[in-house]
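# Overview (structure and organization)
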Amino acid sequence: MRILTGIQPSGQLHIGNYFGAIKPAVDLQARGDCTYFIADYHSMTSLTDAAQRRQNSLDVALDWLACGLDPQKSVLFRQSDVPEVCELMWMIGTLTPMGLLERAHSYKDKTAKGISPNFGLFAYPVLMAADILLYDSNLVPVGRDQKQHVEMTRDIAIKFNHTYGETFVVPESEIRDETAVVPGLDGQKMSKSYDNTLPIFGEEKAMRKKIMGILMDSRTPAEPKPDAEKNIAIQLLKLVATPEVAADYENRLRAGGLGYGDLKKALFENYWNFFAPYRARRAELAANLDHVHAILQDGAGRARATASQVLGRARKASGLC
Ligand code: AQP
């Protein structure tokens, strides 16, 4: 089984990226051949600072590796190191109905939030389909926000196969219910572009401040809170604490008597401890960047070998050669 997923270097990675994509991808290394990429072409739809993109791309590589991506088992590469994906994007774009793209939730959500749309943002699902199809991927682990994009990929692959003959593997998404949408500190989906994130590798003082600044309602500690499960700090605590610790805080909040300050302190401590081993590993990797660059270069070579075969198949099927 071939497994693929990508993350945009559009900002500092957050715990939504970790629980929605990185952790499932790391766990899946035991189940198949994994290809994981840094989606730098995609990041161009929202980020125009070249130096920042370069830095973010390296940071995403460090984050993946620190969180358990094993370059012996998996292929890790930068999307733009395999530019064949742009040719495939064009080929499948000619079979992608406008109506399909106009229905994309992610495009509609971003434009509704005032992010000014460009062609790249509109065409994002076609590039994502090319990413997936180019590596004969069977399984794509993602957060729920990307489910529709994987469904579009399936539609596009089926249409291409129907038009030009059997060429592409039709992929499936894999979404873990418990981490399908990690909420941000403001209660919306945690997202780099919404300024509501808890970074995986933030600086201690700043992270403590972010967590202590989460807005809560005005109920006093003594009041029972029957809706304790909706509390953002409780939802995040469930991700980073043991089930027993999280249940204890949830029950105390529900019964009344637990102050929001104490709850946020517990969230900070559990978050900080949860990522401590990854932080140590990241510091080691950051001290040997040549090694990280070598991993990316090796990954690009391996990814390109698969990509050129699949692209060759698509070119032949569609009469380009
Ligand atoms: N809040 C989330 N909960 C669960 N999964 C999430 N993912 C992102 N946010 C959450 C998953 O992380 C993977 C990589 O996402 P991405 O960086 O390619 O783009 P995204 O989904 O658009 O993430 P952001 O943070 O919202 O980035 P921006 O703001 O730049 O668009 C995907 O599998 C995604 O599902």
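Cut-off values and rules
- Residues numbered from 1 in each chain as written.
- Predicted model: local features only at pLDDT ≥ 70, side-chain atom pairs only at ≥ 80, totals over all residues.
- UniProt positions renumbered as here; feature names shortened; annotations may be inferred.
- Near = placed C-beta within 6 Å.
- Helix = DSSP H or I, 4+ residues; strand = E, 2+ residues; numbered from the N terminus.
- Nonpolar A, V, L, I, M, F, W, Y, C, P; charged D, E, K, R; others polar.
- Axes fitted to C-alpha atoms, helices over the stretch in contact; angles between N-to-C directions.
- Left-handed = near helix turned anticlockwise from the far one by under 90°.
- Contact = placed C-beta atoms within 7 Å.
- Expected span 1.5 Å × (residues − 1).
- Buried ≥ 20, exposed ≤ 12 C-beta atoms within 10 Å, placed from the backbone.
- Domains from an automatic or database assignment.

Within an unreviewed UniProt entry, the label attached to the protein reads Tryptophan--tRNA ligase, and the organism entered is Rariglobus hedericola. Looking at the Sequence similarities (unreviewed entry) heading of the UniProt record, one finds this comment for the protein: "Belongs to the class-I aminoacyl-tRNA synthetase family."

All right, on to the site of the ligand then. Around the ligand, a shell composed of 22 residues is seen, among which Gly16, Gly20, Gly143, Ser191 and Ser193 lie nearest. Mapped onto the shell around the ligand, the elements with two or more residues apiece are strand 1 (2-7) and helix 1 (15-27). Sort the elements by how many residues they give to the shell around the ligand and helix 1 lands first, with 4 residues. Of the residues contributing to the shell around the ligand, the split by class is 7 nonpolar, 12 polar and 3 charged.

Before going further, it helps to spend a moment on the packing of helix 4 (residues 84-93) against helix 7 (residues 119-133). Look at helix 4 against helix 7: their axes get within 8 Å of each other, and the N-to-C directions meet at 115°. Where helix 4 crosses over helix 7, the two elements pack in a sense that is right-handed. Only Ala123, Val126, Leu127, Ala129, Ala130, Asp131 and Leu133 of helix 7 make contact with helix 4, whose side of the interface consists of Val85, Leu88, Met89, Ile92 and Gly93. Among the residues making up the contact of helix 4 with helix 7, the classes are represented as 10 nonpolar, 1 polar and 1 charged.

A word on helix 7. The terminal C-alpha atoms of helix 7, which comprises 15 residues, lie 21 Å apart, in line with the 21 Å expected from a rise of 1.5 Å per residue. Of the positions making up helix 7, those classed as buried are Tyr124, Pro125, Val126, Leu127, Met128, Ala129, Ala130, Asp131, Ile132 and Leu133.

We now examine the domain arrangement of the protein. Each domain of the protein was delimited in the assignment, giving domain 1 (2-182 + 289-317) and domain 2 (202-274). Here the C-alpha centre of domain 2 lies 34 Å away from the C-alpha centre of domain 1.

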